[in-house]
Amino acid sequence: MTDLFPPAAVTRFPVDGSDVTLPIRRVYCIGRNYAAHAVEMGHDPDKEPPFFFQKNPDNVTFGDFPYPVETSDVHHEVELVVALSKGGTNIPVETALDHVFGYAVGLDMTRRDLQGEAKKLGRPWEIGKAVEKSAPCSPLVPADRIGHPASGAIWLKVNGEMRQEGDLNQMLWKVPEMISILSRYFTLQPGDVIMTGTPAGVGPVVKGDVMQAHVEGVGDLVVTVV
Ligand code: MN
């Protein structure tokens with residue numbers, strides 16, 4: 001048997017200070033994981049059961065962010081990104097962090113107008129979320145170097161002006177809980193990536209904007225909208 005065409009290239013996370021890469025398998029994202037962001041999106045800040053959506057692995061990118069087609073309202077969402085090097089099902093919260101290879105700073109860029117329409121109509125979110133090159137990320141930093149950040153500043157500036165500001169300790173669902181819950185519903189595998197939600201202050205960008213994102217203990221990410 002012969003492939004009709006070569007299989008699509010795998011997107012790989014570079015690893016900071018190393019030649020090693022992490023081939024990406026799936027990208028899971030959690031919605032409304034910081035109370036203040038839930039409120040700004042018009043929802044109850046109380047801790048509700050988590051819900052997840054997905055981006056495509058090849059939405060992850062390590063360069064500029066091309067302004068997407070078919071939208072006039074693209075929002076930034078700064079997030080802590082978790083990459084797994086071990087999979088499993090029914091992973092207990094207590095051992096969930098053993099599955100983590102490392103962390104990155106990432107952006108969950110969103111066609112907010114299309115997402116809003118989808119929400120209103122009870123439709124899936126892919127058209128707003130699984131957008132080409134919509135997940136600009138920094139290289140991964142291994143957990144064996146920085147540990148597992150559970151608190152510390154997370155912020156995003158646009159053209160030098162502070163837009164989003166929060167602390168990792170404001171996450172409603174913590175990283176070990178997210179891994180454990182996802183592993184009940186999906187068979188997690190090495191290379192799976194989790195985007196852990198965004199603090200308050202999301203807003204639009206336009207071509208030419210420079211987004212500077214920071215997660216304390218993980219690093220910085222600078223992305224230009226082109
Ligand atoms: Mn998000």
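Refer to the structure printed above.
The structure displayed is predicted, hence computed values, not measured ones. (Residues numbered from 1 in each chain as written. Predicted model: local features only at pLDDT ≥ 70, side-chain atom pairs only at ≥ 80, totals over all residues. Heavy atoms only, no water.)

Undergrad: Looking at this structure, how should I read the coordination of the manganese ion?
TA: In a perfect tetrahedron of four donors around a metal, the angles come out at 109.5 degrees. In a perfect octahedron of six, they are 90 or 180 degrees. Surrounding the manganese ion are the protein donor atoms E77 (OE), E79 (OE) and D108 (OD), which sit 2.0 to 2.2 Å from the metal. In terms of primary sequence, the donors binding the manganese ion are separated according to E-x1-E-x28-D. With E77 in the loop between β6 (74-76) and β7 (78-84) and D108 in the loop between β8 (100-107) and β9 (110-111), this pair connects stretches of sequence that are 31 residues apart. Considered together, E77 and D108 belong to a single accessibility category, that of buried residues. (Donors = N, O, S within 2.8 Å, 3.2 Å for Na, K, Ca; no water. Helix = DSSP H or I, 4+ residues; strand = E, 2+ residues; numbered from the N terminus. Buried < 20%, exposed > 50% of the residue type's maximum accessible area, 1.4 Å probe, protein only.)

Undergrad: What's the story with empty space enclosed by the protein in this structure? I'm lost.
TA: Within this structure, the stated rule accounts for two cavities of 30 Å³ or more. Approximately 120 Å³ is the volume found for the largest cavity. In this structure, the largest cavity is lined by 17 residues; those nearest its centre are G31, R32, H37, E77 and K129. The greatest single-element share of the lining of the largest cavity, amounting to three residues, is contributed by helix α2 (residues 112-120). A per-class count over the lining of the largest cavity returns four nonpolar, six polar and seven charged. A volume near 50 Å³ is recorded for the second largest cavity. Lining the second largest cavity, in full, are I30, G31, R32, N33, E48, P49, P50, F51, L172 and W173. (1 Å grid on protein atoms, 1.4 Å probe; cavity = no way out; pocket = protein on both sides within 12 Å on 5 of 7 lines; lining within 4 Å. Points joined across faces, edges and corners; volume = space filled by probe spheres on them. Nonpolar A, V, L, I, M, F, W, Y, C, P; charged D, E, K, R; others polar.)

Undergrad: Honestly, the packing of aromatic side chains in this entry has me stumped. Any pointers?
TA: The way to describe two aromatic rings as a pair is by their centre distance and the angle between their planes. For the structure on display, the rule yields four aromatic pairs. Seen from their ring centres, F51 and W125 are 5.5 Å apart, and the 90° between their planes marks the pair as edge-to-face. Residue F51 is located in the loop between α1 (35-40) and β4 (52-55), and its partner W125 is located in the loop between α2 and α3 (126-129); the two are separated by 74 residues in the primary sequence. Take W125: its relative accessible area is 17%, and that puts it in the buried class. Pairwise contacts between aromatic rings join F51, F53 and W125 into one cluster. (Phe/Tyr/Trp six-rings, centres within 6.5 Å; stacked < 30°, edge-to-face > 60°.)

Undergrad: Help me understand the sheet that holds β4, please; the structure alone is not making it clear to me.
TA: What holds strands together in a sheet is hydrogen bonding between their backbones, with the strands either parallel or antiparallel. Overall, mixed pairing links the six strands, which are arranged β4-β3-β14-β7-β8-β11 in an open sheet. Either end of the sheet is taken by a strand with one partner, and the two such strands are β4 and β11 (141-142). In this sheet, β11 lies alongside β8 in antiparallel orientation, the contact comprising two bridges. Its bridge partner being in β11, Y103 is matched across the sheet by V141. (Pairing = 2+ DSSP bridges.)

Undergrad: Explanation requested: the pattern of salt bridges in the structure shown.
TA: Pairing between side chains of opposite charge can happen when their charged atoms approach one another. Using the criterion set out here, one finds seven salt bridges in the structure. For the salt bridge of R145 with D16, the shortest nitrogen-to-oxygen distance reads 2.8 Å. In this pair, R145 sits in helix α4 (residues 143-146) while D16 sits in the loop between β1 (12-14) and β2 (21-23), placing the two residues 129 residues apart along the sequence. Under the relative-accessibility criterion, R145 is labelled partly exposed at 48%. With its nearest N and O atoms 2.9 Å apart, the salt bridge here joins K55 to D108. Taken together, the positions of K55 in strand β4 and D108 in the loop between β8 and β9 put the pair 53 residues apart, joining distant regions of the chain. Here K55 matches D108 in class, with each residue buried. (Salt bridge = Lys/Arg side-chain N within 4 Å of Asp/Glu carboxyl O.)

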